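Fold and geometry: a report
Here's the letter readout for the chains.
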2 protein chains.
Amino acid sequence: MNIAVFGTGMVGQSIAAKLEQTGHSVSFGTRDVLKTLNRTEKDRTGKSFTEWYEPFKSTIRVLSFADAASQAELIFNCTSGEGSLDALRDAGKENLKGKVLLDVANPLKFSKGSPPFLDPCNTDSLAESLQRSFSELRVVKTLNTMNALLMVNPTLVPGDHNVFLSGNDPAAKLSAVAVLKSFGWKESNIIDLGDITTARGTEQLLPIWLRLWGKLQTPMFNFQIVVAPPQMR
Amino acid sequence: MNIAVFGTGMVGQSIAAKLEQTGHSVSFGTRDVLKTLNRTEKDRTGKSFTEWYEPFKSTIRVLSFADAASQAELIFNCTSGEGSLDALRDAGKENLKGKVLLDVANPLKFSKGSPPFLDPCNTDSLAESLQRSFSELRVVKTLNTMNALLMVNPTLVPGDHNVFLSGNDPAAKLSAVAVLKSFGWKESNIIDLGDITTARGTEQLLPIWLRLWGKLQTPMFNFQIVVAPPQMR
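Everything numeric in this text was worked out from a predicted model, so none of it was measured. (Residues numbered from 1 in each chain as written. Chains lettered and ligands numbered in written order. Predicted model: local features only at pLDDT ≥ 70, side-chain atom pairs only at ≥ 80, totals over all residues. Heavy atoms only, no water.)

A few points about the interface of chain B and chain A
As a reminder of what qualifies: Note on definitions: a residue-residue contact is assigned when non-hydrogen atoms from the two residues lie within 4.5 Å. Note: buried area is the sum, over both parts, of the accessible area (probe 1.4 Å) each one loses when the two are combined. Polar contacts, as used here, are pairs of N or O atoms within 3.5 Å; protein pairs need one atom able to donate a hydrogen and one able to accept it. Residues neighboring in sequence count only if both atoms are side-chain atoms. Secondary structure elements follow DSSP: runs of H or I of four or more residues count as helices, runs of E of two or more count as strands, with numbering from the N terminus.
Taken together, the contacts link 42 residues of chain B with 42 residues of chain A. Here chain B packs against chain A, burying approximately 3,600 Å² in sum over the two surfaces, 66% of which is carbon and sulfur. The largest per-residue losses of area from chain B upon contact with chain A belong to Ile208(B), Arg211(B) and Val226(B), which jointly make up 16% of the total buried on that side. Linking chain B to chain A there are eleven residue pairs in polar contact (both at pLDDT 80 or more). Looking at the side of chain B that touches chain A, the elements that each hand over two or more residues are strand 7 (117-118), strand 10 (190-194), helix 10 (199-203), helix 11 (206-216) and strand 11 (221-227) of chain B. By residue number, the principal contributor to the side of chain B that touches chain A is strand 11 of chain B, which donates seven residues.

Okay, structure coming up:
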């Protein structure tokens, strides 16, 4: 499948590499192609984009948001929450029409220092704001509740744990499930919460996720929803 | 121990009954004692307070917030989030001084219909607002992330799953841990997230909790934090 990955940070890199390894035709979408290709500052992994990109030069293209979107059947939004709407505007409505957007971003704001806060939050969500602004895009919120490495390799945390889906379009959710399964997610661990407004719930997992990261001293953890058996409900 | 339970709804009833069964001296704190004792409208359990209270008449007292607080060493806040600050004001600063408050309430507002939203939220929490308003009270947020029956009987959901603590006072947290263990919680399943600001994280679990309740068609579930073993971090 032709897939565009919007955003070239750690989440975008993790998703793009996995998609490439599983046989998809992958393009990054980015605001400034030349700037991205020359980005030498190191991120938290200790690698710059340039270093990370070296082994993928011949297989993953770096394109503008519009070029990446126009060729894609499915788009991953791995931009920062603050940059997501602008990225979609750059991509252009005509290039987004009818496409599935898997929205992995969280609307974290650091303007008041750390811990960050969510904006939008509570009575709205980033996923809803994207869906509202691009009504012909089929937005599915997913994977935003965990570390980037875990998104594409769920067995890094042993046993059962969950990934959530929120979205209005049943067929788009089926596409999301197919991608998640190709990443290694068991179908029984994928929880479809309901329509796009349920993304408020998963975006609001970020505050406790960040505190747990501090507490556990590792981002390699996930939420499991444990349910009582029928006779104990 | 002398324990006051503020709030006479399902959460207060569940907590008070368990405390009574485990040998504590328990008083309800309520705004209007006579009104509470004569409350015959049924709640979601199909029972009215009057019916529920019948077997506890000789062991659990129903008092004003002030009377219940003055005699208590520890207080459970099981009022509605909207009523919590007023309940503590009614109790009176002098009756709260130095005491441990286990805050189980969530600041859910239904004024825009269902699903409810949180107020405060994101850059503040109910637990913080209580701690700020009553600086000599030692607030520990806990148990607010699950169904009332599960709070006092964690084995209703089999296996491991978690309860969280947030608070500024280490000794108050030890009291909270002792109470949680008496309710049946394994110490290894109690996660101390840090200071009282971490209550933002657990209060913000409510939106996804409510959606999961709808999805799973039962409130008998809980969150388990699953962590990668050291060699996989």
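Still more ground to cover, so stick around.
As for the packing of aromatic side chains
Residue and element names in this part refer to chain A. For clarity, the threshold we go by: Under the pairing criterion, centres of Phe, Tyr and Trp rings, with the six-membered ring standing for Trp, must be within 6.5 Å; the plane angle then separates stacked pairs below 30 degrees from edge-to-face pairs above 60, leaving the rest tilted. Here the term buried applies to any residue with accessible area under 20% of the maximum for its type, exposed to any over 50%, and partly exposed to those in between, with areas from a 1.4 Å probe on protein chains only.
According to the stated counting rule, one finds 18 aromatic pairs over all chains in the structure shown. Seen from their ring centres, Trp-209 and Trp-213 are 5.4 Å apart, and the 55° between their planes marks the pair as tilted. Placement of the pair is Trp-209 and Trp-213 together in helix 11 (residues 206-216), with a separation of four residues, close to one helical turn. Given a relative accessible area of 7%, Trp-209 falls into the buried group.

Focus on unusual backbone geometry
What you tend to see is this: most non-glycine residues have negative phi, and most peptide bonds are trans. Asp119(A) connects to Pro120(A) through a cis peptide bond whose omega is 5°. If you trace the backbone, Pro120(A) turns up in the loop between strand 7 (117-118) and helix 7 (126-133). Note that the residue after Ser114(B), namely Pro115(B), is joined by a cis bond; omega there is 0°. Mapped onto the elements, Pro115(B) comes out in the loop between strand 6 (108-109) and strand 7. The phi torsion at Asn122(A) lies on the positive side, around 80°, for a residue other than glycine.

What is shown is where atoms sit, not what they do.
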